[in-house]
Amino acid sequence: MSQSELCQSFLAVQARLRQALNEARRAPDAALLLAVGKTKPASMLREAHALGQRHFGENYVQEALDKQASLTDLDDIVWHFIGPLQSNKTRQVAEHFHWVHSIEREKIARRLSDQRPDYLPPLQVCLQVNISNEPSKSGVTLDELESLAASVVELPGLALRGLMTIPAPSETPAEQRKPYARLRAALEALRERFPQAPLDTLSMGMSADLETAVAEGATLVRVGTALFGQRGAP
């Protein structure tokens, strides 16, 4: 993808997000674009940064660390880890990211908290919910959610910000909205249960369905393909 093509894609996605927020009668800044750079080179992220993008999401730890090393001069980037996280990678994530969206086990949360350096603010985290109960998907069920949240809010190195999900594909916008509505309701229930936590984040919606996610209250939309083109192999 050329620089001009990336610029066009970036403007198009921004326009979609603005229109979705307007149609949902939400504030223009109520949802943030998270640019997902999975398998894309650091040079492409640098070009997106030049266009004004600041929040970037990565799925693979080593790939992300390599990009961060190439972009150290861009010290205002906010790095989000959005992929599955194994125990042997938690220290690297705790030391090098601002956000983690994919917490689904207390063990991982506890390791992230313990390994978060004292000189950094708490790691901002979301709990991943398997909202469609798909056997192949990561995340806790809605029945398990409160128990995991109760553990995470007690960890000093973490700040529980909200929920993330990747629902099963749907045929129509009306069907797309249903799992997002369930996630929004789950977040509202957690707010009542844990008023001490800054539960203000719904990480949901991607290239194909950001409009329906925004209509149901998304505050972070994770967009990769619509910005950077089709992905190659990791």
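Each chain has its residues counted from 1, following the order in which its sequence is written. Totals for whole chains, interfaces and linings use all residues, but because this is a predicted model, local features are given only for residues with pLDDT of at least 70 and pairs of side-chain atoms are given and counted only at 80 or more. Just so you know, side-chain values use all the structure's heavy atoms and leave hydrogens and water out.

Novice: Requested: an account of the overall build of the protein chain, with residues and values cited.
Specialist: Strands are runs of DSSP state E lasting at least two residues, helices are runs of H or I lasting at least four, and both sets are numbered from the N terminus onward. Looking only at helices and strands, one finds nine helices and eight strands in the protein chain. On C-alpha atoms alone, the protein chain measures out to a radius of gyration of 17 Å, which is about the 17 Å that the 2.2 N^0.38 rule sets for 234 residues. In terms of overall dimensions, the protein chain has a C-alpha envelope of 45 × 40 × 35 Å along the principal axes. Remark: exposure states derive from per-residue accessible area (1.4 Å probe, protein chains only) relative to the maximum for the residue type, with buried under 20%, exposed over 50%, and partly exposed in between. Taking all 234 residues of the protein chain together, the buried fraction comes to 51%. A sequence separation of at least 24 residues applies to 60% of the contacts in the protein chain between residues at least 6 apart. Here the globule rule reads 2.2 Å times residues to the power 0.38, and the radius of gyration is calculated from C-alpha atoms. In what follows, residue pairs with any heavy atoms lying within 4.5 Å of each other are defined as contacts.

Novice: Give a description of the pattern of salt bridges that names residues and reports values.
Specialist: Salt bridges are defined as contacts in which a side-chain nitrogen from Lys or Arg sits within 4 Å of a carboxyl oxygen from Asp or Glu. By the definition in use, this model includes 13 salt bridges. With a closest N to O distance of 2.9 Å, K178 and E175 form a salt bridge. Placement of both K178 and E175 in helix α7 (residues 173–193) is noted, with a separation of three residues, approximately one turn of the helix. The partly exposed category is assigned to K178, whose relative accessible area is 45%. When the shortest N-O distance is used, the salt bridge between E216 and R184 registers 2.6 Å. Within this pair, whereas E216 is found in the loop between α8 (210–215) and β8 (220–223), its partner R184 is found in helix α7, the two being separated by 32 residues in sequence. On the basis of relative accessibility, which here comes to 8%, the residue E216 falls in the buried class. The class of R184 is partly exposed, set by a relative accessible area of 29%.

Novice: Lay out unusual backbone geometry in plain terms, naming residues and giving numbers.
Specialist: Residues apart from glycine generally show negative phi values, whereas peptide bonds are mostly found in trans. In the Ramachandran plot, R25 falls in the positive-phi region, its phi being about 55° despite a non-glycine side chain. Its place among the elements puts R25 in the loop between α1 (3–23) and β1 (32–36).

Novice: How would you explain the packing of aromatic side chains if you had to name every residue and give the values?
Specialist: Each Phe, Tyr or Trp ring (for Trp, its six-membered ring) is paired with any other whose centre lies within 6.5 Å, and the angle between the two planes then decides the class: stacked below 30 degrees, edge-to-face above 60, tilted in between. Under the defined criterion, the tally for this structure stands at two aromatic pairs. Relative to W79, the ring of F56 has its centre 6.2 Å away and its plane inclined at 40°; by these criteria the two rings are tilted. Here the residue F56 occupies a position in strand β2 (residues 55–58), and W79 occupies one in strand β3 (residues 78–81), the gap between them amounting to 23 residues. In this pair, the class of F56 matches that of W79, namely buried.

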